[in-house]
Amino acid sequence: MRMLLAPLAAAASLASTSAFAVDYLSAEQARRLIFPDADSFEPHDIALDASQMQALAANGVPARSARWPVQVAKRGGSTLGYVVVDEVIGKFELITYAVGLNADGTVRQVEVLSYRESHGHEIRLPAWRRQFIGKTGASPLRVGEDIANISGATLSCTHITDGVRRIVAVLGLARRTGALS
Amino acid sequence: MKRNTLSLAASLAVSLLLPALGAHAQSAATDADLAQKVDKLSAELAALKAQVQASPAAAPAEPATVLTSYGEINYNRPTKKPENAQADVRRFVLGFQHRFDDKTKVVTELEVEHGVSSADDAGEVEVEQAFIEHQLMPGTALRAGLFLMPVGLLNENHEPTAFYGVERNFVETAIIPSTWREGGLQYVGSFDNGLTVQAGLSTTFDLSKWDATSTEGAESPLAAVHQEMSLAKARDVAVFGAANWRGIPGLLLGGSLFTSNATQGQAGFPSARITLWDLHARWTPQRWDLSALYTQGHISNTAELNAPLVGSATLIPERFEGWYVQTAYTAWTSGDQALSPFARYERYNTASRYADLGAGLTPDALPTERVFTVGANYKLNANVVVKLDLQRFKENKDNNRFDLGLGWSF
Amino acid sequence: MLGSSDPFPMPRLMARWVHAPRLLPLLVAGLLSACGGSADTSVSTPQEARLSAAAALGEKIFRDASLSASGQQSCATCHNPATGHAPANALSVQLGGPAMDQQGVRQAPSIRYMSFNTAFFFDGEGTPTGGFFWDGRAASLAEQAAEPFLNPREMANTDKAAVVAKLAQASYAAEFKQAYGDAVFNDVDGAYLRMTLALQQYEREDSEFRGFSSKYDSFLLGKALLTEQEMRGLALFNSPTKGNCAGCHPSSRGADGALPLFTDFTYDNLGVPRNPDIALNADPGYVDLGLCARPDLASHTDLCGAFKVPSLRNVALRGAFFHNGRFKTLKEALTFYVQRDTNPEKWYPLNPDNTANKFDDLPAQYHGNVNTTEVPYNRGLGDTPALSDSEIDDVIVFFHTLSDGYTP
């Protein structure tokens, strides 16, 4: 099946990079920023089945889609962590961001790749993104609770925070079920 | 449906060659099995491809044209004068943003006030925003056209989901004339230290249209002379600037300054300058939302401007100002829902000083109105809000009222 | 006066007198008329050069007393350019008719600043607005100009044909034919219409009718300062709690920068006392009901007793005030405004029981139409008037700043 799968995976990764518009960082640069020690990144896709998606929804974090492309950061064969590049809509425009997670599933870093809204550029500031470091699946990850809002950019902050929470949940589930090798 | 031509050719070759080699029945059975397997694999491949194409992409498609809207439907009931109770479609706003390319977009907003606009009705239809925004560099953009002035906390973020209370606060409607928009050129720069700077040149007010016989000027001096870029006199050009710092997450500190001549070179009117500045702060630790604002406006040369209007009901003030403090707390959340009670105290004076016109001719300063508002915002979700509040007025007690409001924004 | 001692020689007119000597006695008679000095000596030649052909004719027609039955009355006789295009005398109503001995029904108004008026209409709130004459019955300057020629108490021509015949004999008849065609006098209605249109054009084009050259105009344009007393008067005029005059006589510039006309062209019912100087008033059954006396407004009984708000520009040049010329000084008129209800016995005849017969110029069923709600009419018997005596003096001093022709 590997012969057949490979073209599929290749097609998927081609699709994912071409959809991401880059203003500040490319996906490649984001990965390197998050894991400077990594010597390779392996693409690895998580495919959730219906029951898994239901389980996530039941926990209050709907997965939004079944397929999650993940870049696994490896150093010398051992996994350092994972990078997921995602897009959310801020108020009207797409925000492209990357979430880096440690091998234990905790948030390592959040980078904003592109931001096109007229307001709310402050989400790109290290100070705001630093709030995510160390968050786990057990953290509330909600604006107005453990994540401070940026005045005038509430929707952008909320949607990115929701996105990080979603990614943490999806990868948490994937790690538990062994989908991440 | 693509077949693996190599394996097919191989299997065909096998199925053709084997009989040619005079294979026994078991080989023939294996051939059929292989063919069946190839068929089955092809079918699975086709199915998988269909699944891939059908499953929603992880990334939402980039919209080129986005429809935006917000609306406010309000009910006010003065507690002392219930015969003045009023229900109003206060605002119905439709707008769109269209992105031409990576760097350029147009932002527009059209507003209908008070439900029905006609020669006999109180409503108005107006263009609230219409500007082109062009990104020069990431974090730096230019706006040209009709845009909202970067003043205070409310003017640029005035959707019903963005403020507490059914009605917009008085300091930011009577002193800062929200929704205040001018036309011109604006630079917007966001810096890595959390500072956002906005500055530019714009159209301004028209003091020559001050109507001393109406009370409009006493309700809001700047709203009485605003032009809304509607056949606006444009001899005078305003300079404005605003700086907002959000370096610490959850904290906003900022201020603005606007200044220009405003008699537009009209014959017989002396030159007079309008200046408005404000300082504001907002802090949102955990579930709290605390904000404060102070603003002050000045008009120069009002003695000369008021001389022909002496004795009339409403003269041009030399100074007007106001401030408020507000506290809100998100007491309850459930999924997307949130209930946030709040309290706000504001003080404002639309004419705290008049220039001297001579004994017996100089009007007295107006009394400072103090309003206390307490209520709650209930968010059904991030875009829909139901609001309720009680307002008490120290000066005009007849205005004490109970308000109910519904708003949306997307 | 005419003659070699005339300081303003007018060569053209002199030439005409040489060629048409029969006009001379008429002109002399006209100049000696009871209306006082003619303003014909004002400079018309240079203005003629600026006016269109129609307006230039209109100016001549305006000053032409030969168009009246008496031969002594032109438009300028009562609408005297020297006194704000209003009568120069202090008569309550002007005299006219074939022998210049007939009293008019109402005072002759100033016709300055009338080009800003419109035809009569009811505005969005039902307020009667516009129209020419005290009752707004004429829809335009031309329509208004058409009436005095045929009014038996004024220029007293028997019919339009009589006017046109006089026009054909006027000194400027040739110019009239040049402008409107050689056969113009053959069509009576057509010639009469053109005559009124020429007058309208003259009133629209000649800057004398909208000079805006008062001290107050200079003050509004930043070129002059008012004295302290004038400023006090203006303040009292504007104040909604004192004089509140600006309520009907706006004193501030329009949104487009237009200088104020001191009238909003609406109507008001002040309950002005009956004027015994008007002979018609000797008949107790006679009453001038103003707006509702118009046949088209007869059903609007709420408008009985209402008359047009006149402009206050050049008011200090007037000799008699209100539609019936009842008061002869500004002091009297203003004191009436503020003391009409506090001291009615000063203004109205006394009843047998010594109470005042208020609003005696209006039948009892229309007394409710009188304005008693707006400042300064909202006082009662014995209340303090809205303006004191010295305050009235201040307002009068301010009124003097409204006369055209101010030079610093």
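Residues numbered from 1 in each chain as written. Chains lettered and ligands numbered in written order. Predicted model: local features only at pLDDT ≥ 70, side-chain atom pairs only at ≥ 80, totals over all residues.

Draft legend 1. Layout of the overall build of chain A. Each helix and strand counted, chain A has five helices and five strands in total. Along the chain direction, N to C, the helices and strands of chain A fall in the order α-α-β-α-β-β-β-β-α-α. In chain A, which comprises 181 residues, the share counted as buried stands at 48%. At a minimum sequence separation of 6, the contacts of chain A that also span at least 24 residues come to 62%. (Helix = DSSP H or I, 4+ residues; strand = E, 2+ residues; numbered from the N terminus. Buried ≥ 20, exposed ≤ 12 C-beta atoms within 10 Å, placed from the backbone. Contact = placed C-beta atoms within 7 Å.)

Draft legend 2. Local environment of the overall build of chain C. Of regular secondary structure, chain C possesses 13 helices and six strands. The proportion of buried residues among the 408 residues of chain C is 44%. Taking all contacts inside chain C whose residues are at least 6 apart in sequence as the whole, residues at least 24 apart take part in 67%.

Draft legend 3. Representation of the environment of Lys215(C) in the model. Residues and elements named next belong to chain C. Positionally, lysine 215 belongs in helix H10 (residues 215-220). Lysine 215 sits in the buried class, given 23 other C-beta atoms within 10 Å. Separated by 189 residues in the primary sequence, lysine 215 and aspartate 404 place their C-alpha atoms 7.5 Å from one another. If sequence neighbours within four positions are ignored, lysine 215 has contacts with Ala224, Thr401 and Tyr406.

Draft legend 4. Region of the structure containing the interface of chain B and chain A. Contact residues are listed per partner, giving 34 residues for chain B and 33 residues for chain A. If you list the elements that add at least two residues to the side of chain B that touches chain A, you get helix H2 (25-54) and strand S1 (65-78) of chain B. Ranked by residue count, the leading element in the side of chain B that touches chain A is H2(B), at three residues. Broken down by class, the residue content of the side of chain B that touches chain A amounts to 13 nonpolar, 13 polar and eight charged. (Nonpolar A, V, L, I, M, F, W, Y, C, P; charged D, E, K, R; others polar.)

Draft legend 5. Just the sheet that holds strand S4 (residues 94-102) of chain A, in detail. All names here are of chain A. Here we have five strands laid out as an open sheet, ordered S1-S2-S3-S4-S5, and antiparallel in their pairing. Each end of this open sheet is capped by a strand with a single partner; those strands are strand S1 (40-47) and strand S5 (107-115). Going across the sheet, the axis of each strand differs from the next one's by a mean of 25°, ignoring polarity. In this structure, strand S3 (residues 78-89) lies alongside S4, joined through nine bridges in antiparallel fashion. Of the residues in S4, the one forming a bridge with glutamate 87 is threonine 96. The strands touched by helix H2 (residues 27-34) are S1, strand S2 (67-75), S3, S4 and S5; relative to S5, the strand with the most contacts, the crossing angle is about 155°. Against the sheet, helix H5 (residues 154-176) contacts S1, S2, S3, S4 and S5, and its axis sits at roughly 140° relative to S3. (Pairing = 2+ DSSP bridges. Axes fitted to C-alpha atoms, helices over the stretch in contact; angles between N-to-C directions.)

Draft legend 6. Representation of the packing of helix H11 (residues 228-238) of chain C against helix H13 (residues 389-399) of chain C within the structure. Residues and elements named next belong to chain C. Relative to each other, H11 and H13 sit at 105°, their axes nearing to 7 Å. In this view, H11 runs roughly perpendicular relative to H13, as classed from their interaxial angle. Together, Gln229, Glu230, Arg232, Gly233, Leu234, Leu236 and Phe237 of H11 and Glu391, Asp394, Val395, Val397 and Phe398 of H13 make up the contact between the two elements. When grouped by side-chain class, the residues that make up the contact of H11 with H13 number six nonpolar, two polar and four charged. (Parallel < 35°, antiparallel > 145°, perpendicular 65-115°, else oblique.)

Draft legend 7. Examining the domain arrangement of chain C more closely. For chain C, the assigned domains are domain 1 (11-210) and domain 2 (215-402). Taken together, the residues of the side of domain 1 of chain C that touches domain 2 of chain C break down into eleven nonpolar, twelve polar and four charged. (Domains from an automatic or database assignment.)

Draft legend 8. Highlighting the interface of chain C and chain B. Listed as interface residues are 17 residues of chain C and, on the opposing side, 16 residues of chain B. Listing elements by their share of the side of chain C that touches chain B, those giving two or more residues are H10 and H11 of chain C. Ranked by the residues each element gives to the side of chain C that touches chain B, the list is headed by H11(C), at seven residues.

Draft legend 9. Fine view of the environment of Arg353(B). All names here are of chain B. With respect to the helices, strands and loops of the structure, arginine 353 is situated in strand S14 (residues 337-353). Along the sequence, arginine 353 and alanine 85 sit 268 residues apart, while their C-alpha atoms lie 33 Å from each other. If we skip the residues at most four places from it in the chain, arginine 353 touches Pro317, Glu318, Arg319 and Ala365.

Draft legend 10. Broad picture of unusual backbone geometry. In this chain, Ser178(B) is followed by Thr179(B) through a cis amide linkage whose omega measures 0°. Its place among the elements puts Thr179(B) in the loop between helix H3 (171-175) and strand S6 (181-190). In this structure, the amide linkage connecting Val375(C) to the following residue, Pro376(C), adopts the cis form with an omega of 5°. Residue position: Pro376(C) is located in the loop between helix H12 (330-339) and H13. The phi torsion at Phe212(C) lies on the positive side, around 50°, for a residue other than glycine. By the secondary structure assignment, Phe212(C) is in the loop between helix H9 (188-205) and H10. The phi angle at Asn314(C) is positive, at roughly 65°, despite the residue not being glycine. Counting through the fold element by element, Asn314(C) comes out in the loop between strand S6 (307-308) and H12.

Draft legend 11. Main features of the packing of helix H4 (residues 53-63) of chain C against H9(C). All names here are of chain C. At a closest axis distance of 7 Å, the pairing of H4 and H9 adopts a crossing angle of 100°. Taken together, the axis directions place H4 and H9 in an arrangement best described as roughly perpendicular. Contacts from Ala54, Ala55, Leu57, Gly58, Glu59, Ile61 and Phe62 in H4 reach Met195, Leu197, Ala198, Leu199, Gln201, Tyr202 and Glu205 in H9. Taken together, the residues of the contact of H4 with H9 sort by class into ten nonpolar, two polar and two charged.

Draft legend 12. Spatial organisation of H9(C). Residues and elements named next belong to chain C. With 18 residues, H9 ought to run about 26 Å at 1.5 Å a step, and its terminal C-alpha atoms sit 26 Å apart, in line with that. Within H9, burial applies to Ala191, Arg194, Met195, Thr196, Leu197, Ala198, Leu199, Gln200, Gln201, Tyr202, Glu203 and Glu205. Lining the buried residues of H9 we find H4, helix H6 (141-146), helix H7 (160-168) and helix H8 (173-180). (Expected span 1.5 Å × (residues − 1).)

Draft legend 13. Up close: H4(C). A large share of H4(C) lies buried, amounting to ten of its eleven residues. Within H4(C), burial applies to Ala54(C), Ala55(C), Ala56(C), Leu57(C), Gly58(C), Glu59(C), Lys60(C), Ile61(C), Phe62(C) and Arg63(C).

Draft legend 14. Spotlight on the nonpolar core. Ranked by size, the top nonpolar core spans 119 residues in total, and within it Val171(B), Leu167(C), Ala198(C), Leu199(C) and Val395(C) carry the most contacts. Counting residues in hydrophobic clusters, the runner-up holds 49 residues, among them Phe35(A), Val84(A), Trp128(A) and Ile150(A). (Core = buried A, V, L, I, M, F, W, Y, C linked by C-beta atoms within 7 Å.)

Draft legend 15. Inspection of the pairing of strand S8 (residues 238-245) of chain B at higher detail. Residue and element names in this part refer to chain B. Side chains Ala238, Phe240, Ala242 and Asn244 of S8 all project onto a buried face; the interleaved residues Val239, Gly241, Ala243 and Trp245 project onto a face where none is buried. Both S8 and strand S9 (residues 251-261) contribute to a ladder of seven bridges, which runs antiparallel. Residue pairing across strands places valine 239 opposite threonine 259, the latter belonging to S9. The antiparallel pairing of S8 with S9 creates a hairpin that spans five residues between the two strands, and glycine 250 there sits at a positive phi of about 90°.

Draft legend 16. Seen up close, the confidence of the model for chain A. Mean pLDDT over chain A works out to 83, with 87% of the residues at or above the 70 mark. Put simply, helix H1 (residues 2-19) of chain A is where chain A has its lowest mean pLDDT, 37, and S4(A) is where it has its highest, 94. (pLDDT = per-residue confidence, 0-100.)

Draft legend 17. Up close: the confidence of the model for chain C. Residues and elements named next belong to chain C. For chain C, the mean per-residue pLDDT works out to 89, and 88% of the residues sit at or above 70. Between residues 26-44, whose pLDDT stays under 50, and residues either more than four places distant or in other chains, the model counts 31 contacts. Taken together, the chains of this predicted complex give a pTM of 0.79 and an interface ipTM of 0.79.

Draft legend 18. Structural detail: the environment of Arg142(A). All names here are of chain A. Mapped onto the fold, arginine 142 is located in the loop between helix H4 (126-129) and H5. Looking at arginine 142, the number of C-beta atoms within 10 Å reads 14, which means it is partly exposed. The spatial distance from the C-alpha of arginine 142 to the C-alpha of valine 164 is 9.8 Å, given a sequence separation of 22 residues.

Draft legend 19. Looking closely at the pairing of S14(B). All names here are of chain B. Pairing analysis gives nine bridges linking strand S12 (residues 319-329) to S14, with the strands arranged antiparallel. Residue pairing across strands places threonine 327 opposite alanine 343, the latter belonging to S14. Here strand S13 (residues 332-334) folds back onto S14 in antiparallel fashion, the turn holding two residues, of which glycine 335 has a positive phi close to 60°.

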